Amino acid sequence: MPSHLALLSCLLVLVLSLDKFLLHYLKKRLFSGPRIIPSGASKSRRSMAAAAKWSETAMLVIDMQKDFVDPAMRSPMLVAGGEAVVPAVAEAVAVARERGIFLVWVVREHDPSGRDVELFRRHHYSGGKGPTVKGLKGAELADGLVIKEGEYKLVKTRFSAFFATHLDSVLKTAGIKNLVIVGVQTPNCIRQTVFDAVALDYEKVTVLIDATAAARPEIHLSNIRDMKNIGVETPTLEEWRR
């Protein structure tokens, strides 16, 4: 009888040992190999990363007003290359909306007397009329450009969108770290806004070279080169939208 008990004990120990061995083997087979992530999950992660990036990005649409881009206004402030980039700016705005990018419409709106205009421009203002006077047609956005609900309108009276405005506060409050800039004109309002953005430590500043313009192509390109030399990215609209 004792021998039978000893034999049963040995068999029980053997069975338990085999169970442990099989469990260890299965764990090794199931979990030690390369992890395969379904393609759908990978795409989902990329989409989430892109959404996070765009939520920290704002697009500044600068001075796309009739007095600056519409020759029919006969404005002394007309930017010769401005009209040609209106479609590109409209397309850039559409892409920004699709991506959930915060849109800031930067415009000039001056007092009819011209007393808030730069000194060198005040001679253009008399009799309550002048370029981009608040309430007049010339201060309106170019045809096809519309500010939608949830987007932000910022009024400035100097070249830089940051000078004597609360733009930096608005952007930082919204968690914005990166800027994409379109509009007119490259050597004045675009350039000064960009240099101020760099000085204010925005992590990434991008100027879309075919959605911005100056009076002449050579002026535009020379200013694009200067901005590129201080770390600004200068893709085309097509390159940026990929």
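Scroll up a little and you will see the structure.
None of the values given here were measured: they were computed from a predicted structure.

Asker: Describe the pairing of strand β2 (residues 102–108), and please don't skip the residues or the numbers.
Answerer: The two faces of the sheet receive side chains in turn, since in a regular strand these alternate between them. Among the seven residues that make up β2, six are buried, leaving the element largely enclosed by the rest of the structure. In the sheet, β2 pairs with strand β3 (residues 152–156) via five bridges, with the strands oriented parallel. Directly across from W105, in β3, lies its bridge partner K153.

Asker: Can you lay out the nonpolar core for me, pointing to particular residues and giving the numbers?
Answerer: The nonpolar side chains of a soluble globular protein tend to be buried with one another. Counting 31 residues, the largest nonpolar core has M59, V61, M64, V89, V182, L208 and W240 as its most contacted members. Counting only elements with at least two residues in this core, the list comes to β1 (57–62), α3 (66–69), α4 (86–99), β2, β4 (178–184), β5 (204–213) and α8 (237–241). The element best represented in this core is α4, accounting for seven residues. Setting aside residues up to four positions removed in sequence, V182 forms contacts with M59, L60, V61, I62, V89, A92, I190, L208, A211 and T212.

Asker: An account of the side chain of R121 is requested, with residue identities and associated values reported.
Answerer: Relative to the elements of secondary structure, R121 occurs in the loop between β2 and β3. Residue R121 is classed as buried on the basis of its relative accessible area of 12%. Leave out the neighbours within four places in its chain, and R121 touches M77, R108, F159 and N188.

Asker: Describe in detail helix α6 (residues 186–199), supporting the description with residues and values.
Answerer: If you check which residues of α6 are buried, you get T186, C189, I190, T193, V194 and A197. Packed against the buried residues of α6 are β1, β3, β4, β5 and α7 (217–228). Positive phi shows up at D201, right after α6, with a value of about 65°.

Asker: I'd like a rundown of the pattern of salt bridges, residues and numbers included.
Answerer: Once their charged atoms are close, side chains differing in charge can pair, the charge on each being opposite to the other. Enumeration according to the criterion identifies 14 salt bridges in this entry. Ionic pairing is found between D168 and K172, a salt bridge with its closest N-O pair at 3.1 Å. Note that D168 and K172 are positioned in helix α5 (residues 167–173) at a spacing of four residues, about one turn of the helix. By relative accessible area, D168 is classed as partly exposed at 23%. Note that K204 is salt-bridged to E233, the shortest N-O span being 3.7 Å. Of the two residues, K204 sits in strand β5 while E233 sits in the loop between α7 and α8, which places them 29 residues apart along the sequence. Connected through shared salt-bridge partners, K66, E140 and D143 make up one network.

Parameters at a glance
- Residues numbered from 1 in each chain as written.
- Predicted model: local features only at pLDDT ≥ 70, side-chain atom pairs only at ≥ 80, totals over all residues.
- Heavy atoms only, no water.
- Buried < 20%, exposed > 50% of the residue type's maximum accessible area, 1.4 Å probe, protein only.
- Helix = DSSP H or I, 4+ residues; strand = E, 2+ residues; numbered from the N terminus.
- Pairing = 2+ DSSP bridges.
- Core = buried A, V, L, I, M, F, W, Y, C linked by side-chain atoms within 4.5 Å.
- Contact = heavy atoms within 4.5 Å.
- Salt bridge = Lys/Arg side-chain N within 4 Å of Asp/Glu carboxyl O.

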